[in-house]
Amino acid sequence: MINLYTQSNGSIRRNDFPHAGHLPPDAVWIDMLSPTPDEEKAVEAALNIDAPTREEMLEIEPSSRIYQEADASYLTITVTIKGDTPSPESAVVTFIRTPRFLVTKRFAEPQAFKTFISRASRQAASVYNADAALTGLLDAVIDRAADILERVGSELDNLSKGIFTSRQIKGNNVSADLEEVLRRLGRTEDLTSRVQESLLSIGRVVTFLGQTTGDAKVTKDQRTRVKTLYRDAHSLSEHAGFLAHK
């Protein structure tokens, strides 16, 4: 599936990708969600890019995840999905940043993407070009990571109270079954580890963006947003490390 998003007064609107490949002048973001080979070829031909394969997206070396070809930057991050379920997973998302458009390629539907699309379709002046879409999406992923870590912290607090507080306290619903306690600890550890991996990948991408925002075409607001994203990702990564030790 290919979703084409155009901007009007800073908010975005979803459109179908044109079969002829002629993109409207107000297009800012092309989102490839589990694209077919033909759909991927159509986007590549329209923008003269070479999107990485799914196997290439899964490479763990930083040099394979962040690189420049001609005037396009290829940035791949890891995103935590199903964070509200007993079986959280990790997925990869590639951002292709061109002078005019942002292209994303993904094979999952992170909650952060849904949140960003909903927010950007209502708020004027939030997505006025491709770089604004990129920083907005990264910000949504970081916000989602913060929400997950907040729940992890609450879960650990509840486990701590259940383990170290007398079981005679009225209203204590924490199971005394040590196997259940270990299962809950294992899930929080797995979830925290996935969020840490995601934040680390975002940190690398934001560092790269910080090195390329010296372009005169990049606005002061966008430079400020990149610096804020770096600080947020770094502080959350430290908090995730604290939770992992706890």
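What counts, and where the lines are drawn
- Residues numbered from 1 in each chain as written.
- Predicted model: local features only at pLDDT ≥ 70, side-chain atom pairs only at ≥ 80, totals over all residues.
- Heavy atoms only, no water.
- Helix = DSSP H or I, 4+ residues; strand = E, 2+ residues; numbered from the N terminus.
- Buried < 20%, exposed > 50% of the residue type's maximum accessible area, 1.4 Å probe, protein only.
- Contact = heavy atoms within 4.5 Å.
- Areas by Shrake-Rupley, 256 points an atom, 1.4 Å probe, with all protein chains shown as cover.
- Lys, Arg positive; Asp, Glu negative; His and termini not counted.
- Charge placed at Lys NZ, Arg CZ, Asp CG, Glu CD.
- Axes fitted to C-alpha atoms, helices over the stretch in contact; angles between N-to-C directions.
- Parallel < 35°, antiparallel > 145°, perpendicular 65-115°, else oblique.
- Left-handed = near helix turned anticlockwise from the far one by under 90°.
- Polar contact = N/O pair within 3.5 Å; in protein donor to acceptor, adjacent residues only side chain to side chain.
- Pairing = 2+ DSSP bridges.
- Salt bridge = Lys/Arg side-chain N within 4 Å of Asp/Glu carboxyl O.

## Overview of the overall build of the protein
- A count of helices and strands for the protein gives seven helices and seven strands.
- Listing each helix as α and each strand as β along the protein from the N terminus yields β-β-β-α-α-α-β-β-β-β-α-α-α-α.
- Taken along its principal axes, the extent of the C-alpha atoms in the protein is 70 × 40 × 35 Å.
- When each of the 246 residues of the protein is scored for burial, the buried share is 43%.
- Long-range pairs, those at least 24 residues apart, make up 65% of the contacts in the protein between residues at least 6 apart in sequence.
- Roughly 13100 Å² of accessible area belongs to the protein as shown, and the carbon and sulfur atoms make up 51% of that amount.
- The distance from the centre of the 30 positive side-chain charges to the centre of the 34 negative ones in the protein is 6 Å.

## Some thoughts on the packing of helix 6 (residues 178-212) against helix 7 (residues 220-245)
- Across the interface, helix 6 lies against helix 7 with an axial gap of 9 Å and an inter-helix angle of 155 degrees. With respect to helix 7, the element helix 6 is oriented roughly antiparallel. Between helix 6 and helix 7 lies a crossing whose hand is left-handed. Taken together, the residues of helix 7 that come into contact with helix 6 (itself represented by Thr192, Gln196, Leu199, Ile202, Gly203, Val206, Thr207, Leu209 and Gly210) are Val226, Leu229, Tyr230, Ala233, Leu236, Ser237, Ala240, Gly241, Leu243 and Ala244.

## Section: the environment of Thr212
- As for its position among the elements, Thr212 is in helix 6.
- On the accessibility criterion, Thr212 (25% relative accessible area) is partly exposed.

## Thoughts on the side chain of Thr6
- The residue Thr6 is located in strand 1 (residues 2-8) in this model.
- For Thr6, a relative accessible area of 8% translates into the label buried.
- Of note is the side chain of Thr6, whose polar atom sits 2.9 Å from the side chain of Asn15.
- Look past the residues within four positions of Thr6 in its chain and what remains in contact with it is Ser11, Ile12, Arg13, Asn15, Pro24, Asp26, Ala27 and Val28.

## Brief notes about the sheet that holds strand 5 (residues 72-81)
- If you trace the seven strands from one edge of the open sheet to the other, you get 2-1-3-7-6-5-4, paired in mixed fashion. Each edge of the sheet is formed by a strand with only one pairing partner; in this case those strands are strand 2 (11-16) and strand 4 (66-69). Averaged over all pairs of adjacent strands, the angle between their axes in this sheet comes to 25 degrees, without regard to strand direction.
- Relative to strand 7 (residues 102-106), strand 6 (residues 89-97) runs antiparallel, the two sharing five bridges. If you follow Ile96 over to strand 7, its bridge partner there is Val103.
- Those strands touched by helix 1 (residues 37-47) are strand 1, strand 3 (27-33) and strand 7, and its axis lies near 155 degrees from that of strand 3.
- Against the sheet, helix 6 contacts strand 4, strand 5 and strand 6, and its axis sits at roughly 160 degrees relative to strand 5.

## Quick notes on the pattern of salt bridges
- Counted by the stated rule, this structure contains eleven salt bridges.
- A salt bridge links Arg106 to Asp31; its shortest N-O distance comes to 2.6 Å. One end of the pair, Arg106, is in strand 7; the other, Asp31, is in strand 3, and 75 residues separate them in sequence.
- Looking at Asp31, the relative accessible area reads 0%, which means it is buried.
- Taking the shortest distance from any N to any O, the salt bridge between Lys105 and Glu40 comes out at 2.8 Å. One end of the pair, Lys105, is in strand 7; the other, Glu40, is in helix 1, with 65 residues separating them in the sequence.
- With a relative accessible area of 2%, Lys105 lands in the buried category.

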